[in-house]
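The residues making up each chain are set out below.
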Amino acid sequence: MGQATFHIWRGDKNGGSFQEYHAEITTGMVVLDAVHQIQATQAPDLACRWNCKAGKCGSCSAEINGKPRLMCMTRMETIPTDQPITLQPMKAFPKMKDLVTDVSWNYKVNKMIPPLKPRKPDFPDGTWHMTQEEADRIQEFRKCIECFLCQNTCHVLRDHDAKEQPMFGGPRFMIRVASLDMHPLDTEDRLKLVKDDLNIGLCNITKCCTEVCPEHIRITDNGIIPLKERVVDEFYDPVMWIVNKFRGGRKEASTRTPLPMV
Amino acid sequence: MDYTTHEHDVLVIGAGGAGLRAAIEASAAGVSVGLVCKSLLGKAHTVMAEGGIAAALANVDDRDNWEVHFADTMRGGQYVNNWRMAELHAKEAPERVRELERWGAVFDRTKEGKILQRNFGGHRYPRLAHVGDRTGLELIRTLQDHGIHQGIQVYMECAIVRLLKDGERVCGAFGYYREDGRFVLFRAKAIVLATGGLGKAYKITSNSWEGTGDGHSLGYHAGAELIDMEFIQFHPTGMVWPPSVRGILVTEGVRGEGGILVNNRGERFMFKDIPDNYKSQTADTEEEGWRYTQGDKNARRPPELLTRDHVARCIRREVREGRGSEHGGVYLDIAWIKKYIPHAAEHIKRKLPSMYHQFKELGGLDITTQPMEVGPTTHYVMGGIRVHADTQMTRVPGLFAAGECAAGINGANRLGGNSLSDIIVFGKRAGEHAAQYAKNASLGAINPEQLRDIEREVVAPFERPVTSENAFTIQHELQENMQDLAGIVRTESEMQQMHGKLEQFWQRLGKVAVSGNRWYNPGWHTSLDLYNLLTVSEGIVLSGIMRKESRGGHYREDYPNKSEEFGKVNIVVHKGSDGKMQVRQEPIPEMPDYLKRVIEANR
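Residue and element names in this part refer to chain A. Scanning all chains against the criterion turns up 79 salt bridges over all chains. The closest approach of N and O atoms between Arg218 and Glu140, which form a salt bridge, is 3.4 Å. Here Arg218, found in the loop between helix 8 (208-212) and helix 9 (219-235), pairs with Glu140, found in helix 3 (residues 132-142); they are 78 residues apart in sequence, far enough to count as distant. Judged by relative accessible area, which is 46%, Arg218 ranks as partly exposed.

Right, dumping it as structure tokens:
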């Protein structure tokens with residue numbers, strides 16, 4: 001199928017530049033194959049993360065011709081090869097080396113989210129009744145492979161670098177909270193965390209995260225918007241405020257409030 | 001020399017399902033736990049597991065129980081399994097699955113709202129708890145998100161190169177951070193190896209770069225024994241086209257949901273060759289097989305759901321005899337179910353979403369209308385570090401192993417779904433017993449001279465002239481040779497030839513040169529992985545030569561039948577005092593009567 005030219009960003013936290021490489025392209029090849037070929041033949045110290053090579057682990061995120069993609073799921077046939085293909089690391093995270101970035105901030109955010117707190121089991125053997133319909137609602141969020149492409153694309157993190165003060169948890173962790181919040185067994189209240197610590201208010205629903213998700217999770221529509229609605233209901237709705245006062249606390253109300261279906 | 005030191009009661013090496021589960025359990029016992037992983041947390045190979053977790057929950061078929069699961073596992077392993085491990089596994093898997101649900105896993109459900117279970121090869125009843133075809137992701141994410149709140153110290157992108165000993169017992173591990181090549185010493189009272197498999201010894205494999213047999217090799221060089229190394233599972237259905245995706249797994253769940261294997265003449269060839277010990281359990285007609293996949297309790301399973309070793313060899317035979325598909329595989333057809341059910345396309349997408357996605361994106365093929373091309377791919381190693389069944393401790397005091405890098409439960413062939421249950425059952429046991437051991441132990445002494453020797457060895461590739469050997473080239477050649485000479489069909493002469501080549505590879509490894517510096521340098525990492533790959537390849541070849549019969553994942557053209565004599569032994573390798581690999585046969589302990597009766601009752 002011929003050759004392709006790549007301009008790959010080489011460097012580290014102190015800086016770097018694009019270097020030119022050439023790769024032989026064969027049928028069905030993906031961008032990650034080309035990177036491996038360049039590694040094996042021209043640049044053995046070219047750094048890139050990868051594991052499964054099948055879109056299941058979310059390790060090989062990068063920007064291909066400026067678009068955040070998984071390198072293992074981007075077929076060479078879908079990219080024009082009459083001009084050089086640029087490969088660079090995700091922009092929203094600190095550079096480590098070449099295509100590898102420091103994504104450790106994401107792991108810190110994840111740790112802030114309290115884990116599942118299940119209600120008492122329904123059956124004596126310690127299990128619960130759950131319908132497939134209940135499971136379906138959050139299984140969509142649980143498909144997330146933590147490639148962090150949504151985090152990388154989110155302008156709040158990418159352009160405003162809102163990782164410390166204020167800190168925005170980012171789309172990945174909004175849907176993680178949503179997956180717990182909508183979990184049929186869960187009794188924990190995470191809305192205050194979502195509002196005050198993960199700052200859901202900073203999201204202005206541009207849906208860029210949904211567009212880049214390789215798992216096609218409807219992050220904004222099914223995760224972030226329902227969470228925003230719940231935050232509004234709990235903290236800003238005067239009727240709910242009175243109801244909560246009357247019931248003696250938000251937490252109890254939140255477990256009873258039916259979730260909006262979007 | 002420059003390195004940082006960390007101290008823990010228990011150090012777990014590997015953060016897939018087994019490692020995470022071990023770390024969680026050890027931490028729960030109140031000891032300090034370090035967890036080391038070569039990749040980022042949550043990216044380990046467990047994430048790739050698709051079909052499900054085998055556990056006799058009996059939610060779908062109430063005839064299921066631990067005894068049937070045990071008998072299925074032993075039959076699948078052709079009776080060279082460690083029967084005690086198979087027993088513990090069958091008994092404890094259901095509770096481990098329920099525990100995952102408590103920690104947040106969301107499995108597919110039955111109509112009654114219980115955990116749904118699906119059919120899989122070699123399992124008599126629908127037994128695999130699953131989440132569509134991404135069960136591994138659910139398992140690892142559940143353990144990860146639970147584990148990060150248990151006070152476990154995680155060291156990401158850190159690779160261990162050697163274990164350290166104080167006299168007989170293990171006392172530490174030495175490695176480097178992939179990020180910047182910094183060296184790190186872990187001092188620990190107990191160490192759990194949970195490093196997974198070694199598929200990267202072969203050219204066509206479903207394994208990621210990580211599957212380089214690190215734990216096998218670390219354990220071996222520290223004095224542990226390896227058993228059953230000749231038993232490699234070649235999964236019958238890997239992708240074969242396009243070339244760049246060759247080997248990527250196509251879940252057995254496709255066949256569990258009714259998918260059939262067909263040759264280029266349109267024949268369903270699996271009906272032609274059904275082993276004697278499975279005849280009574282296998283469907284007579286296509287129609288009966290279909291009913292089985294749809295939950296008819298009176299139907300028997302279709303021949304596509306025979307054990308993986310057998311299906312893989314049948315596919316190879318079809319291809320060899322000219323009945324293969326265009327690109328050297330056979331056809332796996334799930335679209336045909338439209339003959340039986342309306343809205344088949346939607347059904348397939350719901351049951352096998354990631355397979356639909358994988359073929360659509362990587363193969364440009366719609367599995368709801370077209371057959372897939374599939375062929376065998378190196379998937380799993382049944383063999384590994386020999387451990388005590390109940391505690392998972394190796395013969396090296398303080399050194400434990402769990403999951404794929406440990407051996408025993410699977411015998412000569414692993415049933416699909418038994419690995420996800422294996423890793424949580426024995427991961428827990430390893431963590432528990434390592435913690436217990438650590439509570440009664442103190443930190444061992446570190447020999448600084450030994451550290452200096454290891455460091456010298458590890459940085460040596462940077463000091464050689466760059467015109468010397470290239471690590472990637474050696475790795476490619478090793479993979480090609482192992483595929484050709486110690487692959488799915490073996491002979492004495494080819495394995496001897498491979499043994500000779502391994503000696504050359506060892507010599508070439510001593511000449512590998514690496515350019516650049518220690519910052520995230522894949523060339524350097526590969527040169528270090530090679531040490532492990534060569535060690536395990538030697539184990540496979542020497543064990544394979546000694547087992548002069550065909551059984552499970554070890555098929556020999558020169559000894560095509562099972563032998564009664566070899567059915568009574570395990571092949572064991574260890575590092576001799578001269579540094580050379582020693583190989584011997586050892587009798588399998590006699591199975592107690594109560595387990596024999598279970599086997600008899602489930603013939």
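Counting buried residues in helix 1 (residues 31-41) of chain A gives nine out of eleven residues, a clear majority hidden from the surface. When helix 1 of chain A is considered as a whole, its buried residues turn out to be Val31, Leu32, Asp33, Ala34, Val35, His36, Ile38, Gln39 and Ala40 of chain A. Tucked into the core, helix 1 of chain A has its buried residues touching strand 1 (3-12), strand 2 (15-24), strand 3 (61-64) and strand 5 (85-88) of chain A together with helix 14 (471-485) and helix 16 (522-546) of chain B.

If you look at the biggest cluster of nonpolar residues, it comprises 244 residues, and the most contacted ones within it are Phe6 and Met71 of chain A together with Leu163 and Met372 of chain B. Residue contacts for Leu163 of chain B: discarding those within four places in its chain leaves Ile13, Val170, Gly172, Ala173, Ile191, Leu193, Leu218, Gly219, Ala222, Leu399 and Gln450 of chain B. Residues Phe70, Trp83, Met591 and Ile599 of chain B belong to the second largest nonpolar core, which totals nine residues.

Let's shift gears to helix 13 (residues 448-463) of chain B. The periodicity of an α-helix, 3.6 residues per turn, causes residues three or four places apart in sequence to face the same way. All names here are of chain B. The end-to-end C-alpha separation of helix 13 is 22 Å, in line with the 22 Å expected for 16 residues at 1.5 Å each. Maximum bend of helix 13: about 30°, positioned at Glu457, with proline Pro461 one to four residues after it. As for helix 13, its buried residues are in contact with strand 1 (3-13), strand 7 (158-166), strand 8 (169-177), strand 9 (183-193) and helix 16. Here helix 13 starts with a cap whose side-chain oxygen sits 2.9 Å from the backbone nitrogen of Glu449, and that cap is Asn447.

Here we come to the side chain of Thr394 of chain B. All names here are of chain B. Within the secondary structure, Thr394 sits in the loop between strand 15 (384-386) and strand 16 (399-401). Under the relative-accessibility criterion, Thr394 is labelled buried at 6%. A polar contact of 3.0 Å, which involves the side chain of Thr394, links it to the backbone nitrogen of Val396. Those residues in contact with Thr394 that lie beyond four places of it in its chain are Ala224, Ile385, Arg386, Val387, Leu399, Phe400 and Ala401.

Turning our attention to the sheet that holds strand 19 (residues 581-587) of chain B. All names here are of chain B. Strand order across the open sheet formed by five strands is 17-15-10-18-19, with mixed pairing between neighbours. The open sheet has two edge strands, strand 17 (406-407) and strand 19, and neither has a second partner. In terms of strand pairing, strand 10 (residues 226-227) meets strand 18 (residues 569-575) through two bridges, oriented antiparallel. Its bridge partner being in strand 18, Ile227 is matched across the sheet by Val572. Lying on the sheet, helix 16 is in contact with strand 18 and strand 19; it crosses strand 19 at an angle near 45°.

What follows covers the interface of chain B and chain A. Taken together, the 60 residues of chain B in the interface contact 60 residues of chain A. For the pair chain B and chain A, the two sides together bury roughly 5,000 Å², of which 55% comes from carbon and sulfur. There are five salt bridges connecting chain B and chain A. Between Arg141 of chain B and Glu146 of chain A there is a salt bridge; the shortest N-O distance is 3.8 Å.

With that settled, the discussion passes to the packing of helix 4 (residues 135-147) of chain B against helix 12 (residues 418-439) of chain B. Residue and element names in this part refer to chain B. Two elements in contact, helix 4 and helix 12, have axes whose closest approach is 11 Å; the angle formed by their N-to-C orientations is 15°. The pairing of helix 4 with helix 12 is recorded here as roughly parallel in orientation. Between helix 4 and helix 12 lies a crossing whose hand is left-handed. Side by side, helix 4 and helix 12 meet where Thr135, Gly136, Leu139 and Leu143 of the first sit next to Leu420, Ile423 and Ile424 of the second. Considered class by class, the residues forming the contact of helix 4 with helix 12 number five nonpolar, two polar and no charged.

What follows is about the packing of helix 3 (residues 83-102) of chain B against helix 12 of chain B. Residue and element names in this part refer to chain B. Relative orientation of the contacting elements helix 3 and helix 12 amounts to 90°, with a least axis distance of 8 Å. Compared by their axis directions, helix 3 and helix 12 come out roughly perpendicular. On the side of helix 3, the interface is formed by Met85, Leu88, His89, Glu92, Ala93, Arg96, Val97 and Leu100, while helix 12 contributes Asn418, Ser421, Asp422, Ile424, Val425, Phe426, Lys428 and Arg429. Here the contact of helix 3 with helix 12 is built from residues that sort into eight nonpolar, three polar and five charged.

All chains considered together, the criterion is met by 13 aromatic pairs over all chains. Both rings, one in Tyr107 of chain A and one in Phe148 of chain A, keep their centres 6.1 Å apart while their planes meet at 75°; by these two values the pair is edge-to-face. Residue Tyr107 of chain A is located in helix 2 (residues 104-112), and its partner Phe148 of chain A is located in the loop between helix 3 and helix 4 (149-153); the two are separated by 41 residues in the primary sequence. Accessibility classification places Tyr107 of chain A together with Phe148 of chain A in one group, the buried group. Ring centres of Tyr155 of chain B and Phe186 of chain B lie 4.8 Å apart, and the angle between their planes is 70°; on these two criteria the pair is classed as edge-to-face. Of this pair, Tyr155 of chain B sits in strand 6 (residues 153-155) while Phe186 of chain B sits in strand 9, and the two are 31 residues apart along the sequence. With respect to burial, Tyr155 of chain B and Phe186 of chain B carry one shared label: buried. Taken together, the ring pairs connect Tyr3, Phe174 and Phe183 of chain B into an aromatic cluster. We note Arg414 of chain B situated over the ring of Tyr380 of chain B; from NZ or CZ to the ring centre the distance is 4.0 Å.

Rules behind the numbers
- Residues numbered from 1 in each chain as written.
- Chains lettered and ligands numbered in written order.
- Predicted model: local features only at pLDDT ≥ 70, side-chain atom pairs only at ≥ 80, totals over all residues.
- Heavy atoms only, no water.
- Salt bridge = Lys/Arg side-chain N within 4 Å of Asp/Glu carboxyl O.
- Helix = DSSP H or I, 4+ residues; strand = E, 2+ residues; numbered from the N terminus.
- Buried < 20%, exposed > 50% of the residue type's maximum accessible area, 1.4 Å probe, protein only.
- Contact = heavy atoms within 4.5 Å.
- Core = buried A, V, L, I, M, F, W, Y, C linked by side-chain atoms within 4.5 Å.
- Expected span 1.5 Å × (residues − 1).
- Bend = angle between axes of the 7 residues up to and from the residue.
- Polar contact = N/O pair within 3.5 Å; in protein donor to acceptor, adjacent residues only side chain to side chain.
- Pairing = 2+ DSSP bridges.
- Axes fitted to C-alpha atoms, helices over the stretch in contact; angles between N-to-C directions.
- Buried area = accessible area lost by both parts, 1.4 Å probe.
- Parallel < 35°, antiparallel > 145°, perpendicular 65-115°, else oblique.
- Left-handed = near helix turned anticlockwise from the far one by under 90°.
- Nonpolar A, V, L, I, M, F, W, Y, C, P; charged D, E, K, R; others polar.
- Phe/Tyr/Trp six-rings, centres within 6.5 Å; stacked < 30°, edge-to-face > 60°.
- Lys NZ or Arg CZ within 6 Å of the ring centre and 35° of its normal.

So yeah, pure geometry; function would need other evidence.
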